[in-house]
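Overview (structure and organization)
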Amino acid sequence: MKQIMTRTFILLAGIALFAACNDDDNVVETGHDLGALQINVSMTGFTSGSPETRTTDAGYTTSFATGDSIGITVIQDGVIKEDNIPYKYNGTNWNPVAAPADIYTAGIVTYLVYYPYSAAMNGKTSGADIVAAFTPKTNQSAPADYAASDLLTGTGSLVGSTLTATLTHALALVEVSLPAGASAPTLKINGGGVLTPSTTTFRYIAAPATGATLSGSYTHSGKTFNWSKTGVNLEAGKYAQVNITKMLAGISVTTPPTRTAYGVNTTEVDDPTDLTGMVLTLTYSDGTTPTVTFPTTDPLFTGFTAYARTSTGNKPVTINYGTFTPTITLGVSNLVAKRRVGSGPSYTYTYHGYTGLNSAFNGEAGQTSVITLYADKSIGAGFGEDQTSTFTLNSGTHITLTGNGARSITEPGNNRTAATFTINSGASLEITSTITISGHKNNRSSGNGTAGIGGAVFVNGGTFTLSGGTISGNTASAGTSAQGNGADGGGVWVGNGGTFVMNSGTISGNTAYYNFLYSGEGGGVYVASGGSFIMNGGTISGNTAISETSDSPYGGGVFVASGGSFTWNSGATITGNTVTGGGGSNPHGTQVYKVDGGTVNGHAAGTANGSDEYWDTW
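Residues numbered from 1 in each chain as written. Predicted model: local features only at pLDDT ≥ 70, side-chain atom pairs only at ≥ 80, totals over all residues. Heavy atoms only, no water.

A few points about the overall build of the protein chain
What the protein chain contains, in helices and strands, is three helices and 57 strands. Restricting to contacts in the protein chain with at least 6 residues of sequence separation, those with at least 24 account for 70%. Total accessible area on the protein chain is roughly 25100 Å²; 49% of this is exposed by carbon and sulfur atoms. (Helix = DSSP H or I, 4+ residues; strand = E, 2+ residues; numbered from the N terminus. Contact = heavy atoms within 4.5 Å. Areas by Shrake-Rupley, 256 points an atom, 1.4 Å probe, with all protein chains shown as cover.)

Encoded structure:
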């Protein structure tokens, strides 16, 4: 093993003659002299790097010991001639483990020398290659493992048949001075895994690093103490010394986190623990009491233990700070998890929706928000978590509704007198590709001049954007007592200055239905006066306008009223929609029906029917 010396010296190994020359040796290859290579090797010691406190000179020069092995690679004109030949030291000479190396003199010849020998260095052509392929041992507590981690590299110069090489330390040395009586030291570099240094000198060979954080622990008088030091430069061939004079003796939570209330963790809620604002007070052996405020990069903080948040009540959280484990208590109730994900005049939040969509939508009034569903929603009085069946967005409220995976918002069998989503002037709602709105029924059953308008979506002056989502299986209807108007827009109604933008997605299987005096209009979409529907992509299909009276139904897919505008761009599809019932002889707009005064852009006009126009196919 290498022995730590208290003074600097250079070892010059005795010359070993491996083979004698004879008279036949005068016939040689070009640039290749047959003969024996003799080895002289020395090494330099570690020099001062960035010690915090230099108290003693513990000796930083090492020597070779019997049994140590080096490797030599001979490179001639960029080509390896002898690859990683091992030589072993016997206390006096360096002897080849196998056949000795020949002597190369012609051309540009490099003799690459390193310690300790490893077969893994075959094919390496530079000291940098060797350093990149070398890993010091994690546990260096045994002297042999410490020595095997001390990589040295260099190149030799050839004079005659003698190769002389001086090796330098390719890695850095960490040395920590502990209080007298300390034992069981541990070490971490930049918060990595626990390293085990020499138990006698607390030394560790490490890869170079700039501004490293050293931390660890040790035992003293039967108690474990923690330490850390930041901004330490670990330089190749140099030592960095840290002197520990005070010990961390205790820790307490003096200020709890800012947030102390959380929702129950379920499959639909992701409400992570947030320690922001928590203050720890540290007590050291010298009586000082510094504080640590969260969030923190202190390497002694390694997180907190998980706890079961499956029910309401107070839940303990254990803080892991070195070997100390103080606890805090957080209250758990059925709260909506609301997290800010942006900033500005209108903050952007993510709702994780435990108490229901109504709480989420109401809570975001006047905000720009993202509402994320973590489970399917069944809405309406008596269904699931939500105790309301309509969601109204007023001016200044801008919401994106998305899902953690595919999510649906359904309303099984509930009859209302309003659309599920109402977007008033100055508000906007966007539905993403993960959301399906289905099963909603807007039924106006009584009252003169009333009608069921918008089975699922009622765009009343605001903006609704469909970006890949689905609106399906919804119904707008009017009962036998609702005299004066029919049912409009089984899936969507847009008017009064409102805009519906369909970038992608599907509007399908919706129904506009009336069974008394008037007909259903716009099985999928109804565009009223002042409304604008822009169809950039997606599909409107399988929707139906129905009438059980003498009045014919209109617009199985889309109905465009006078003053309304429907833009149908390339790439969008309207197909497979139907009109059913009625006493009229003509199917009024199986796909699209336009009243005189309304506009349909993007396709040529279809068949005229008096002042109205309708199209069946394209």
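Some remarks on the sheet that holds strand 3 (residues 38-43)
Reading across from one edge, 3-12-11-10-6-7-8 is the order of the seven strands in this open sheet, with mixed pairing throughout. The strands lining the two open edges of the sheet, one partner per strand, are strand 3 and strand 8 (94-96). Mean inter-strand twist for the sheet, computed between neighbouring axes without regard to direction, equals 30°. Where strand 6 (residues 69-76) meets strand 10 (residues 109-115), six bridges bridge the pair, whose relative direction is antiparallel. Directly across from Gly-71, in strand 10, lies its bridge partner Tyr-114. (Pairing = 2+ DSSP bridges. Axes fitted to C-alpha atoms, helices over the stretch in contact; angles between N-to-C directions.)

Notes on the pattern of salt bridges
Evaluated as defined, the whole model comprises two salt bridges. The salt bridge involving Glu-175 is made with Arg-203; its shortest N-O contact spans 2.7 Å. In this pair, Glu-175 is assigned in strand 13 (residues 172-177) and Arg-203 in strand 15 (residues 203-206), connecting sequence segments 28 residues apart. Each member of the pair, Glu-175 as well as Arg-203, is classed as buried. Across the pair Glu-235 and Lys-238 runs a salt bridge whose closest N-O atoms are separated by 3.7 Å. Judged by its relative accessible area of 29%, Lys-238 falls in the partly exposed class. (Salt bridge = Lys/Arg side-chain N within 4 Å of Asp/Glu carboxyl O. Buried < 20%, exposed > 50% of the residue type's maximum accessible area, 1.4 Å probe, protein only.)

Considerations on the environment of Thr-47
Along the polypeptide, Thr-47 turns up in strand 4 (residues 47-48). What makes Thr-47 partly exposed here is its relative accessible area of 42%. Taking C-alpha positions, Thr-47 is 6.1 Å from Tyr-239, a pair spaced 192 residues apart along the chain. Setting aside anything within four residues of it in sequence, one finds Thr-47 in contact with Gly-237, Lys-238 and Tyr-239.

Considerations on the sheet that holds strand 19 (residues 248-255)
On the basis of which strands lie adjacent, the open sheet formed by three strands has the order 19-21-22 and antiparallel pairing. In this open sheet, the two strands that pair with only one neighbour each are strand 19 and strand 22 (291-293). Averaged over all neighbouring strand pairs, the angle between strand axes comes to 25°, with direction disregarded. Bridge analysis of strand 19 against strand 21 (residues 279-284) gives six bridges, and the strand direction is antiparallel. Pairing of Ser-252 across the sheet is with Thr-281, part of strand 21.

Quick notes on the environment of Val-459
Tracing the backbone through its elements, the reader meets Val-459 in strand 38 (residues 457-460). Not counting the four nearest positions on each side in its chain, Val-459 is found in contact with Ile-423, Phe-464, Trp-493, Val-494, Gly-495, Gly-498, Thr-499 and Phe-500.

Observations concerning the packing of aromatic side chains
Considering all chains together, one arrives at 14 aromatic pairs under this definition. Centre to centre, the rings of Phe-500 and Phe-533 are 4.7 Å apart; their planes meet at 5°, and the pair counts as stacked. With Phe-500 in strand 43 (residues 499-508) and Phe-533 in strand 47 (residues 532-535), this pair connects stretches of sequence that are 33 residues apart. Each member of the pair, Phe-500 as well as Phe-533, carries the same accessibility label: buried. (Phe/Tyr/Trp six-rings, centres within 6.5 Å; stacked < 30°, edge-to-face > 60°.)

What about the nonpolar core?
If you look at the biggest cluster of nonpolar residues, it comprises 40 residues, and the most contacted ones within it are Leu-429, Phe-464, Phe-500, Ile-507, Phe-533 and Phe-566. If near-sequence neighbours (up to four positions away) are discounted, Phe-533 is found in contact with Val-494, Phe-500, Met-502, Ile-507, Val-525, Val-527, Ile-540, Ser-565, Phe-566 and Thr-567. Core analysis: the second largest hydrophobic core is formed by 23 residues, Val-41, Tyr-87, Tyr-89 and Ala-165 among them. (Core = buried A, V, L, I, M, F, W, Y, C linked by side-chain atoms within 4.5 Å.)

Notes on the side chain of Thr-422
Within the element layout of this structure, Thr-422 appears in strand 34 (residues 421-424). Judged by relative accessible area, Thr-422 falls into the buried class, the value being 12%. Apart from residues no more than four positions distant in its own chain, Thr-422 is found in contact with Phe-391, Thr-392, Leu-393 and Phe-458.

Points about the confidence of the model for the protein chain
Counting all residues, the mean pLDDT for the protein chain is 77, and 75% of those residues have values of 70 or more. Here strand 1 (residues 3-4) is the element of the protein chain with the lowest mean pLDDT, 32, and strand 43 is the one with the highest, 97. A low-confidence stretch, residues 335-349 stays under pLDDT 50, and its non-local contacts, those more than four residues away or across chains, total 45 contacts. With pLDDT under 50 throughout, residues 351-355 is counted as low confidence; its partners more than four residues away or in other chains account for 35 contacts. (pLDDT = per-residue confidence, 0-100.)

Focus: the side chain of Asn-474
Mapped onto the elements, Asn-474 comes out in the loop between strand 39 (463-472) and strand 40 (475-481). A residue is classified by how much of its surface remains accessible, and Asn-474, at 0% relative accessible area, is buried. Excluding its chain neighbours within four sequence positions, the residues that come into contact with Asn-474 are Ile-437, Ser-438, Gly-439, His-440, Gly-455, Ala-456, Gly-490, Gly-509, Asn-510 and Thr-511.

Let's talk about the environment of Val-317
Within the secondary structure layout, Val-317 lies in strand 24 (residues 313-321). Overall, the relative accessible area of 0% leaves Val-317 in the buried class. The sequence separation of Val-317 and Thr-273 amounts to 44 residues, and the corresponding C-alpha distance is 9.3 Å. Discounting chain neighbours no more than four positions away, the residues touching Val-317 are Phe-304, Thr-305, Tyr-307, Pro-326, Thr-327, Ile-328 and Leu-330.

Some thoughts on the pairing of strand 47
The sheet contact formed by strand 43 and strand 47 spans four bridges and is parallel. Bridged to Thr-499 within strand 47 is Ser-532. Bridging between strand 47 and strand 51 (residues 565-568) involves four bridges; their strand directions are parallel. Note on strand 51: the bridge partner recorded for Met-535 is Trp-568.

Digging into unusual backbone geometry
Between Tyr-115 and the following residue, Pro-116, the backbone shows a cis peptide bond with an omega angle of -5°. In this fold, Pro-116 is placed in the loop between strand 10 and helix 1 (127-133). A cis amide bond, omega 5°, links Phe-294 with the succeeding residue Pro-295. Locating Pro-295 in the fold gives a position in the loop between strand 22 and strand 23 (301-304).

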